[in-house]
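In case you want the letters, here they are:
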Amino acid sequence: MTPPILQETDSRSTLRNGLPDRYLTPDDIADMFGVPLETVYQWRRKRTGPPGFRIGKHLRYDPADVRAYVTNRKGADRDAA
């Protein structure tokens, strides 16, 4: 039996087509939103981005929270327009 072929995917397309089934890193978030990594850390300090949590010293994001954040932002932008 031949092992399945793994395909590399662009993180930004992952966000549009469904989030991965694992906790996301700050690098994942930066890639998804096309922003510098430092911006992700600023969002966390200012509490303006998707909510993250710590596992020991590592910062992680729940894909469901990221999806809720995007949905909420879309709604807020529509209401402001």
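Residues numbered from 1 in each chain as written. Predicted model: local features only at pLDDT ≥ 70, side-chain atom pairs only at ≥ 80, totals over all residues. Heavy atoms only, no water.

> I'd love a proper account of the overall build of the protein, names of residues and values included.
Scanning the protein from N- to C-terminus turns up 4 helices and 2 strands. What you see in the protein, going N to C, is helices and strands ordered as α-α-α-β-β-α. Accessible surface, the protein as shown: approximately 6,300 Å² in total, 50% of it carbon and sulfur. (Helix = DSSP H or I, 4+ residues; strand = E, 2+ residues; numbered from the N terminus. Areas by Shrake-Rupley, 256 points an atom, 1.4 Å probe, with all protein chains shown as cover.)

> Could you give an account of the pattern of salt bridges, naming the residues involved and the relevant values?
Where side chains of opposite charge bring their charged atoms close, a pairing between them can arise. In this structure the tally under the stated criterion is 2 salt bridges. Arg-45 serves as the salt-bridge partner of Glu-38, at 2.8 Å between the closest nitrogen and oxygen. Relative accessible area serves as the criterion here: at 42%, Glu-38 is assigned to the partly exposed category. Given the relative accessible area of 56%, Arg-45 is considered exposed. (Salt bridge = Lys/Arg side-chain N within 4 Å of Asp/Glu carboxyl O. Buried < 20%, exposed > 50% of the residue type's maximum accessible area, 1.4 Å probe, protein only.)

> Would you mind going over helix α4 (residues 63-80) in detail, with residue names and values included?
An ideal rise of 1.5 Å per residue puts 26 Å on 18 residues; α4 measures up with 26 Å between its terminal C-alpha atoms. By the N-cap criterion, in which a side-chain oxygen at the helix start approaches the backbone nitrogen of a residue two or three places on, α4 is capped by Asp-62, the distance to Ala-64 being 2.9 Å. (Expected span 1.5 Å × (residues − 1). Polar contact = N/O pair within 3.5 Å; in protein donor to acceptor, adjacent residues only side chain to side chain.)

> Lay out the environment of Met-32 with the relevant residues and their values.
Inspection of the secondary structure puts Met-32 in helix α2 (residues 26-33). C-alpha of Met-32 to C-alpha of Leu-19: the two residues are 13 residues apart in sequence and 10.0 Å apart in space.

> Could you give an account of the nonpolar core, with specific residues and numbers?
One finds Leu-19, Leu-24, Ile-29, Ala-30, Met-32, Val-40, Leu-59, Tyr-61 and Val-66 forming the largest nonpolar core, which totals 9 residues. No other element matches α2, which puts 3 residues into this core. (Core = buried A, V, L, I, M, F, W, Y, C linked by side-chain atoms within 4.5 Å.)

> With reference to specific residues and values, describe the packing of α2 against helix α3 (residues 37-46).
Direction vectors running N to C along α2 and α3 enclose 110 degrees, while the axes themselves pass 8 Å from each other. Judged on the interaxial angle alone, α3 and α2 are roughly perpendicular. Here Pro-26, Asp-27, Ile-29, Ala-30 and Phe-33 of α2 lie close against α3, whose contacting residues are Leu-37, Val-40, Tyr-41 and Trp-43. (Axes fitted to C-alpha atoms, helices over the stretch in contact; angles between N-to-C directions. Parallel < 35°, antiparallel > 145°, perpendicular 65-115°, else oblique. Contact = heavy atoms within 4.5 Å.)

> Describe the packing of aromatic side chains, and please don't skip the residues or the numbers.
For the structure shown, the criterion picks out 3 aromatic pairs. Seen in terms of ring centroids, Tyr-23 and Phe-53 are 5.2 Å apart; in terms of plane orientation they differ by 80 degrees. Their pairing is edge-to-face. One end of the pair, Tyr-23, is in the loop between α1 (11-17) and α2; the other, Phe-53, is in strand β1 (residues 52-55), with 30 residues separating them in the sequence. Overall, Tyr-23 belongs to the partly exposed group, its relative accessible area being 46%. Taking 5.9 Å as the distance between ring centres and 80 degrees as the angle between the ring planes, the aromatic pair formed by Phe-33 and Trp-43 counts as edge-to-face. (Phe/Tyr/Trp six-rings, centres within 6.5 Å; stacked < 30°, edge-to-face > 60°.)

Interpretation in functional terms is not warranted from these geometric data alone.
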